[in-house]
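Each chain, written out:
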Amino acid sequence: MATTEDPTNPQLPPVQALQELPQAQQQLQQTHSSILPQYPEMIMAAIEALDDKNGSNKSAISKQIESTYPDLPAAHTTLLSHHLNKMKQSGQLLMVKNNYMKPDPNAPPKRGRGRPPKPKAPVPPGTVIGPPRPRGRPPKPRDPFAPVASPKKKTTSGSGRPRGRPPKKSNTEAAPTSAPAAQAKGVKRGRGRPPKVKVFIQPNYLQNFVQSTFNALTAEKVRGATLVVSGDGRYYSKPAIQIIIKMAAANGVRRVWVGQNGLLSTPAVSAVIRERVGIDGSKATGAFILTASHNPGGPHEDFGIKYNMENGGPAPEGITDKIYENTKSIKEYLIADLPDVDISAIGVTILVGLRDNLMLRSIFDFESIRKLLSCPKFTFCYDALHGVAGAYAKRIFVEELGAQESSLLNCVPKEDFGGGHPDPNLTYAKELVARMGLSKSSSQVEPPEFGAAADGDADRNMILGKRFFVTPSDSVAIIAANAVEAIPYFSAGLKGVARSMPTSAALDVVAKHLNLKFFEVPTGWKFFGNLMDAGLCSICGEESFGTGSDHIREKDGIWAVLAWLSILAYKNKENLNGGKLVTVEDIVRNHWATYGRHYYTRYDYENVDASAAKELMAHLVKLQPSLGEVNEIAKGIRTDVSKVVHADEFEYKDPVDGSISRHQGIRYLFEDGSRLVFRLSGTGSEGATIRLYIEQYEKDSSKTGRDSQEALAPLVEVALKLSKMQEFTGRSAPTVIT
């Protein structure tokens, strides 16, 4: 399995091309147009401020929050009750006589059920204690005349390595051994929050998925092939990498490329698959990526794994369905008896994470960005949230582009992301938000001109200006509108653009204005990959902070940041030595003046009764054939909304492979370009999540500066009453408003 490839091979792609993984689309977590802490944080702060040894009741907590945060949402009472109940159920709060209080960390542990154990007599020094008796009924005496049964092969330990010192071997080749695979209920890597670490460390759980993946692939993609195995470095990644390497060897994989210390961003993995060429001309046929994207890491937090194909993008549904079916019937897995590989040493099969930036240099004009960052008037800040993006930030932004090292925040990758939540939004990127002047705790220091953040595996991004937030939908539209002029890679023109269906239609307007091919696809990056492979799409994005281009087949957070810096450099090429800088806010407002503004929000109703959620969706579908009735209902609610001109259940026929994706969301499209979209996410035993996307288009430039909540209020009211949201779900307010 070892190779002798030259680690200085100039063809190595920049392992800093960062990005994605299919995941649960988590977004900007805020409950109102003003920027508030999350409710659990406000509740804890209120209880601490009240400081009542007997606890505080709901009314006192509510009043304390209201006195601290005057700009609360209208649904404050409902949201407070919801979160108090959740915190009580999770053990974050105790309830004593209708009062809530924090658990006492010094309280003695609760006595378990049953009779307590008897005290043991002291053991004299030097006494040898025998092994404890195993649990369960002792075995019956064996019949000496019974036939000898064939011994069963033992399941290996979680590391895939048998206990005890392995025997010495004359060479590095190891004969594969098989072990029984525990029957799981199916390990399906889909959208939504991934399992916890405690699930993955169950005996054979990870091995089940890995072997099921090998079994789902064709032989030429496994035997004699080259694979990439790396991830965002979260807790449990290193043991998982060792298991996968040994299983790859046993399944006939010839070579495994691993990022140094197991670190490669998701976009970097895509780049390695697409661009890296071994000394013998070999290329990777796929990759196991270990990440849970923007979700927390640590012993009690999330872990995830996915497989990417030879184009560098996520496995298509045909493969993921096979993997899932395999996990339900797998009987054994193959694993080689090999020592652990030192993944900290560069060379052999270990890729250095910070080599060169050939790919990014070929896309962007580094010299123009360097001039912008060296301008005293332009200040910059980048927050990696202790994710894998931090492994690239210093090399790219400081060493390559000349930014000050003090401009980097949380750029040391950590297994638990520093105890934080590596989700680049206004809720979790608190330090960056404060530095950019968007937090109530912001200091009096003048904020930087530009700020950005990345998620755990560096495929998502958030873009900020001085005291200004750029929505993901606006971000991809602005990049597309300026790409040909500002980014050398696109100087010959764009092939086309695409967005996910729930993302606002800001990109649609740009495409129409610039006469570009445009595609609206279901949620999931693989749909963009198909278009890119066919040469139909150059730039794409989704409302959950994902942006990318056809240089790889994953979202790319650092690419998006460099795209924005390129646009700023282009707009300011005459202003760096004098004159007022064109700011992020200037660029966004000028875009609105040209293309109009898409006011946009998302309401999430979580853990709704699954049957009630399905009834609500069926009600909306039933209304669709009669637009006259829909408009009569809408006008009866608000006369200041436009006319509904089309309603459907979104269905996508892939123009490349002809595959059809049905039931992707219910849409109501208005004459003025506004939209209502309803999507159902998850219908398991724990309930469903209803996502409501509300979009108001405003092309009158004199009205593009309104408060978002004010502009969206009429459509919000129509959406809630048209869908009978409260009647079906019993909810008077959403769980989260983005």
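Here we summarise the structure given alongside this text. This structure is a prediction, so every number in the text was calculated from the model and none was measured. (Residues numbered from 1 in each chain as written. Predicted model: local features only at pLDDT ≥ 70, side-chain atom pairs only at ≥ 80, totals over all residues. Heavy atoms only, no water.)

**Topic: the overall build of the chain**
Our working definition: In DSSP terms, a helix is any run of H or I states spanning at least four residues, a strand is any run of E spanning at least two, and both are numbered starting from the N terminus. Accessibility here uses a 1.4 Å probe with only protein chains present; expressed as a share of the type maximum, an area under 20% marks a residue as buried, one over 50% as exposed, and anything in between as partly exposed. Here a residue-residue contact requires only that any non-hydrogen atoms of the pair lie within 4.5 Å.
From N to C terminus, the chain includes 21 helices and 26 strands. By residue count, 54% of the 738 residues in the chain fall in the buried class. Sequence separation of 24 or more characterises 75% of the internal contacts of the chain that already satisfy a separation of 6 or more.

**Here's the deal with the pairing of strand β12 (residues 450-454)**
Applied cut-off: Any two strands are treated as partners once DSSP identifies two or more bridges connecting them.
The element β12 is extensively covered by neighbouring structure, given that 5 of its 5 residues are classed as buried. In terms of strand pairing, strand β10 (residues 380-383) meets β12 through 4 bridges, oriented parallel. By the bridge assignment, Tyr-382 is partnered in β12 with Ala-452. Bridge count between β12 and strand β13 (residues 461-465): 5 bridges; the pairing is antiparallel. Looking across to β13, one finds that Ala-452 is bridged to Ile-463. Between the antiparallel neighbours β12 and β13 lie 6 residues, among them Ala-458 with a positive phi of about 70 degrees.

**A closer look at the pattern of salt bridges**
Stated precisely, the cut-off is as follows: Each salt bridge in this description consists of a side-chain nitrogen of Lys or Arg and a carboxyl oxygen of Asp or Glu lying within 4 Å of one another.
Summed over the entire model, instances satisfying the criterion amount to 40 salt bridges. When the shortest N-O distance is used, the salt bridge between Arg-499 and Glu-520 registers 3.2 Å. A residue pair is termed long-range when its members are at least 10 positions apart, and Arg-499 in strand β15 (residues 497-500) and Glu-520 in strand β16 (residues 518-521) qualify at 21 residues. Across the pair, Glu-520 and Arg-499 agree in class, each one buried. Close ionic contact of Arg-638 with Glu-717 constitutes a salt bridge, the shortest N to O distance being 3.1 Å. With Arg-638 in the loop between α19 (627-637) and β20 (644-649) and Glu-717 in helix α20 (residues 708-722), this residue pair connects regions lying 79 residues apart in the sequence.

**Side note on the nonpolar core**
Rules: What we call a nonpolar core is a set of buried Ala, Val, Leu, Ile, Met, Phe, Trp, Tyr and Cys residues that are connected through their side-chain atoms within 4.5 Å.
By size, the foremost hydrophobic cluster in this structure holds 80 residues, and its most contacted members are Phe-364, Phe-378, Tyr-382, Phe-397, Phe-450, Trp-564 and Leu-565. If one sorts the elements of this core by residue count, helix α16 (residues 557-571) sits on top with 11 residues. With sequence-adjacent residues up to four places away left out, Tyr-382 is seen in contact with Ala-389, Ala-393, Phe-397, Ser-407, Leu-408, Leu-409, Cys-411, Ala-452, Ala-454, Ile-558 and Val-561. If you look at the next biggest cluster of nonpolar residues, it comprises 35 residues, including Val-210, Val-253, Phe-288 and Met-309.

**Examining the packing of helix α10 (residues 366-374) against α16**
Selection criterion: Orientation is described by axes fitted as lines to C-alpha atoms, over the contacting stretch for helices, and by angles from 0 to 180 degrees between their N-to-C directions. Orientation is classified from the angle alone, with under 35 degrees giving roughly parallel, over 145 giving roughly antiparallel, 65 to 115 giving roughly perpendicular, and any other angle giving oblique.
For the pair α10 and α16, interaxial distance at closest approach is 9 Å and the crossing angle is 75 degrees. One finds that α10 runs roughly perpendicular with respect to α16. Taking contact as the criterion, the partners of Ser-368, Ile-369, Leu-372 and Leu-373 in α10 are, on α16, Leu-562, Leu-565, Ser-566, Leu-568 and Ala-569.

**Overview of α20**
For clarity, the cut-off: Helices are assigned an expected span. That span is 1.5 Å times one less than the residue count. Bend, in this description, refers to the angle at a residue between axes fitted to the seven residues ending there and the seven starting there. Side-chain atoms alone can form a polar contact between residues adjacent in sequence; in general such a contact is a pair of N or O atoms within 3.5 Å, and within protein one must be able to donate a hydrogen while the other accepts it.
In this model α20 runs 21 Å from its N-terminal to its C-terminal C-alpha over 15 residues, within 8% of the 21 Å that 1.5 Å per residue would give. Where α20 bends most, at Pro-714, the angle is about 40 degrees. Taken together, the buried positions of α20 are occupied by Ala-711, Leu-712, Pro-714, Leu-715, Val-716, Val-718, Ala-719 and Leu-722. Structurally, the start of α20 carries an N-cap: the backbone nitrogen of Gln-709 is 3.1 Å from a side-chain oxygen of Asp-707. Phi turns positive one or two residues past the end of α20, at Lys-724, with a value near 55 degrees.

**Brief notes about the sheet that holds β12**
In spatial order, the strands read β11-β10-β12-β13-β14; together these 5 strands make up an open sheet with mixed pairing. A strand with exactly one partner marks an edge of an open sheet, and here the two such strands are β11 (408-409) and β14 (468-470). As defined by bridge partners, β10 adjoins β11 across 2 bridges and the pair is classed as parallel. Residue pairing across strands places Tyr-382 opposite Leu-408, the latter belonging to β11. Set on the sheet, helix α17 (residues 584-595) makes contact with β12, β13 and β14; between it and β14 the angle comes to about 55 degrees.

**Quick word on the environment of Leu-616**
Tracing the chain through its elements places Leu-616 in helix α18 (residues 610-623). It is 9.8 Å that separates the C-alpha atoms of Leu-616 and Phe-678, two residues lying 62 residues apart in sequence. Leave out the neighbours within four places in its chain, and Leu-616 touches Ile-690, Ser-723, Lys-724, Met-725, Phe-728 and Thr-729.

**Some thoughts on the sheet that holds strand β17 (residues 539-542)**
Pairing in this open sheet of 4 strands is mixed, and the strands run β16-β15-β17-β18 from one edge to the other. Among the strands making up the open sheet, the edge pair consists of β16 and β18 (546-549). Strand after strand, the sheet turns through a mean of 15 degrees between neighbouring axes, direction not considered. Direction of pairing for β15 relative to β16: parallel, over a ladder of 4 bridges. Residue Ser-500 lies in a different strand from β16, and its bridge partner there is Val-521. Here helix α14 (residues 506-514) sits on the sheet in contact with β15 and β16, set at roughly 165 degrees to β15.

Spatial relationships are all this shows, so hold off on functional conclusions.
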